[in-house]
Amino acid sequence: LTPFSASEEMRSTWQGKAGRSPLQALYESDQLEQSSLQAVHQQRREMLSSVCSRYTRKRRLLQPDDLRHLVVDDTHGLLYCYVPKVACTNWKRVMMVLTGQGKYQDPLEIPAHEAHVPSNLRTLSEYSVPEINYRLRSYLKFVFVREPFERLVSAYRNKFTLSYNTAFHKRYGTEIIRRHRQEPSDRALERGDDVRFEEFVYYLLDPRTQQEGPFNEHWERVHSLCHPCIIHYDVVGKYETLAEDANYILQLVGADTSVKFPASSKTRRTTDNMAAQFFQDISPFYQRRLFNLYKMDYLLFNYSIPSYLRIR
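Residues numbered from 1 in each chain as written. Predicted model: local features only at pLDDT ≥ 70, side-chain atom pairs only at ≥ 80, totals over all residues. Heavy atoms only, no water.

Draft legend 1. Layout of the overall build of the protein chain. The helix and strand inventory of the protein chain stands at 15 helices and 4 strands. Taking the intrachain contacts of the protein chain between residues at least 6 apart in sequence as the baseline, contacts between residues at least 24 apart amount to 70%. Here the protein chain displays about 15,900 Å² of accessible surface, and carbon together with sulfur accounts for 50% of that area. (Helix = DSSP H or I, 4+ residues; strand = E, 2+ residues; numbered from the N terminus. Contact = heavy atoms within 4.5 Å. Areas by Shrake-Rupley, 256 points an atom, 1.4 Å probe, with all protein chains shown as cover.)

Draft legend 2. Region of the structure containing the pattern of salt bridges. Enumeration over the complete set of coordinates arrives at 18 salt bridges. Here Glu175 and Arg179 are joined by a salt bridge, their closest N and O atoms 3.0 Å apart. Of this pair, Glu175 and Arg179 both sit in helix H7 (residues 166-180), 4 residues apart, which is roughly one turn of the helix. Since its relative accessible area comes to 21%, Glu175 is described here as partly exposed. For Arg179, a relative accessible area of 14% translates into the label buried. (Salt bridge = Lys/Arg side-chain N within 4 Å of Asp/Glu carboxyl O. Buried < 20%, exposed > 50% of the residue type's maximum accessible area, 1.4 Å probe, protein only.)

Draft legend 3. Quick look at the nonpolar core. Trp91, Phe149, Phe200, Leu204, Trp219, Leu290 and Tyr294 are the most contacted members of the largest nonpolar core, which has 93 residues in total. Looking at this core, the element that brings in the most residues is helix H3 (residues 88-99), giving 7 residues. Taken together, domain 1 (22-147 + 221-253) and domain 2 (149-218 + 270-295) each give at least three residues to this core, which thus spans both. Trp219 has contacts with Arg151, Leu152, Ala155, Lys159, Phe160, Phe168, Tyr172, Phe200, Tyr203, Leu204 and Tyr294, leaving out every residue within four places of it along the chain. (Core = buried A, V, L, I, M, F, W, Y, C linked by side-chain atoms within 4.5 Å. Domains from an automatic or database assignment.)

Draft legend 4. The environment of Asn273, seen in detail. Mapping Asn273 onto the fold places it in helix H13 (residues 272-279). Classification of Asn273 as exposed rests on a relative accessible area of 57%. Note: C-alpha distance between Asn273 and Glu150 (123 residues apart in sequence) is 9.3 Å.

Draft legend 5. Local environment of the layout of surface pockets. The computed volume of the largest pocket comes to approximately 850 Å³. In this structure, the largest pocket is lined by 31 residues; those nearest its centre are Lys85, Ala87, Thr89, Asn158 and Tyr239. Elements represented by at least two residues in the lining of the largest pocket include exactly H3 and helix H6 (148-160). Residue classes in the lining of the largest pocket are distributed as 12 nonpolar, 11 polar and 8 charged. A domain-level breakdown of the lining of the largest pocket finds at least three residues from each of domain 1 (22-147 + 221-253) and domain 2 (149-218 + 270-295). (1 Å grid on protein atoms, 1.4 Å probe; cavity = no way out; pocket = protein on both sides within 12 Å on 5 of 7 lines; lining within 4 Å. Points joined across faces, edges and corners; volume = space filled by probe spheres on them. Nonpolar A, V, L, I, M, F, W, Y, C, P; charged D, E, K, R; others polar.)

Draft legend 6. Molecular detail of the packing of aromatic side chains. A complete count under the given rule lists 27 aromatic pairs for this structure. On the basis of an interplanar angle of 70° and a centroid distance of 6.1 Å, the ring pair of Phe168 and Trp219 is categorised as edge-to-face. Of this pair, Phe168 sits in helix H7 while Trp219 sits in the loop between helix H10 (207-211) and helix H11 (222-226), and the two are 51 residues apart along the sequence. Per residue, the accessibility class of Phe168 equals that of Trp219, and both read buried. With a centroid separation of 5.1 Å and an interplanar angle of 80°, the aromatic rings of Phe285 and Tyr286 are classed as edge-to-face. The class for Phe285 is exposed, based on a relative accessible area of 52%. The partly exposed category is assigned to Tyr286, whose relative accessible area is 26%. Over the aromatic face of Tyr82 sits the side chain of Lys92, whose NZ or CZ is 3.7 Å from the ring centroid. (Phe/Tyr/Trp six-rings, centres within 6.5 Å; stacked < 30°, edge-to-face > 60°. Lys NZ or Arg CZ within 6 Å of the ring centre and 35° of its normal.)

Draft legend 7. Structural detail: the confidence of the model for the protein chain. Per-residue confidence for the protein chain gives a mean pLDDT of 90; residues scoring 70 or more make up 89%. Counted against residues more than four places away or in other chains, residues 3-23, with its pLDDT under 50, gives 48 contacts. (pLDDT = per-residue confidence, 0-100.)

Draft legend 8. Here's a closer look at the state of the cysteines. Counted according to the given criterion, the structure contains 2 disulfides. Disulfide connectivity for the protein chain, with bonded cysteines indexed by sequence position, reads 1-4, 2-3. (Disulfide = S-S within 2.5 Å.)

Draft legend 9. Molecular detail of the packing of H3 against helix H12 (residues 242-252). Running from N to C, H3 and H12 point in directions that differ by 20°, and their axes come no closer than 13 Å. In terms of their interaxial angle, H3 and H12 are classed as roughly parallel. Along this stretch, H3 crosses H12, giving a crossing that reads as right-handed. Taken together, the residues of H12 that come into contact with H3 (itself represented by Trp91, Val94 and Leu98) are Leu242, Ala246, Ile249 and Leu250. Tallied by class, the residues present in the contact of H3 with H12 amount to 7 nonpolar, no polar and no charged. (Axes fitted to C-alpha atoms, helices over the stretch in contact; angles between N-to-C directions. Parallel < 35°, antiparallel > 145°, perpendicular 65-115°, else oblique. Left-handed = near helix turned anticlockwise from the far one by under 90°.)

Draft legend 10. Summary view of the sheet that holds strand E2 (residues 78-81). The 4 strands are arranged E1-E2-E3-E4 in an open sheet whose pairing can be described as mixed. Every interior strand has two partners, whereas the edge strands, strand E1 (70-73) and strand E4 (235-238), have only one. Ignoring which end each strand starts from, the neighbouring axes of this sheet average 25° apart. (Pairing = 2+ DSSP bridges.)

So this is what it looks like as structure tokens:
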């Protein structure tokens, strides 16, 4: 499998679908908005390309296993690399509407658990090599990213502080407590439901964790999930500009105007201030090591070092 970027001809076709309006004034303002969005996305692609050429010396070939996060929409010629904790439930719902041949109308009518049922969406790893290469070459490819430590804190809060996530408590919580808590109680060792954030950080930095295999997808680095230095994404959406970027993609592929990306809920959303609180008790030594672990995501997607870190 070889790396591919969309052809200029294809890209101009997608851009031609964007910004249609029956009234000239609206059309022109749409065009202006589209061209400024195009400029933003061009800058993101250039940043990505520049960091990739600086930090990746050897181009490796894609393996089928690398493609398990790429969701395929053959109707609209779309490939979406999903990243947990970056609006991926809502994007999967939208992809189910786009690929459902009218079975689903409104993304929000699809229960969250159903969006994550593997058989409801096809991934690129399920296709033959010629079919994979064709789609990588011809389809619009997009990924959504988020400030890495905000995403990490969001994953910790979701998987280790909510009582219903017993599978994560059993699979990861018990192991984290066994390795990284001095004199844990029998109850903690059995249930794994009270992992502290600092214990989670020690677990991520523990060489044994990395030797055992890839991280769980909820805290795996985006560059390891979506391979942006091998797969040339046409659109890099950001959690911080989720609504505009989602709209832009749906327009580019000519999705039906009735398909709307769901508005995000702000009630439990992890913010920069919240992440700062979680990092208060992490020593500068461990802050720096953790930053180095996620450094490529910071560089590739142009995120600044968080001001709350004490690593300068």
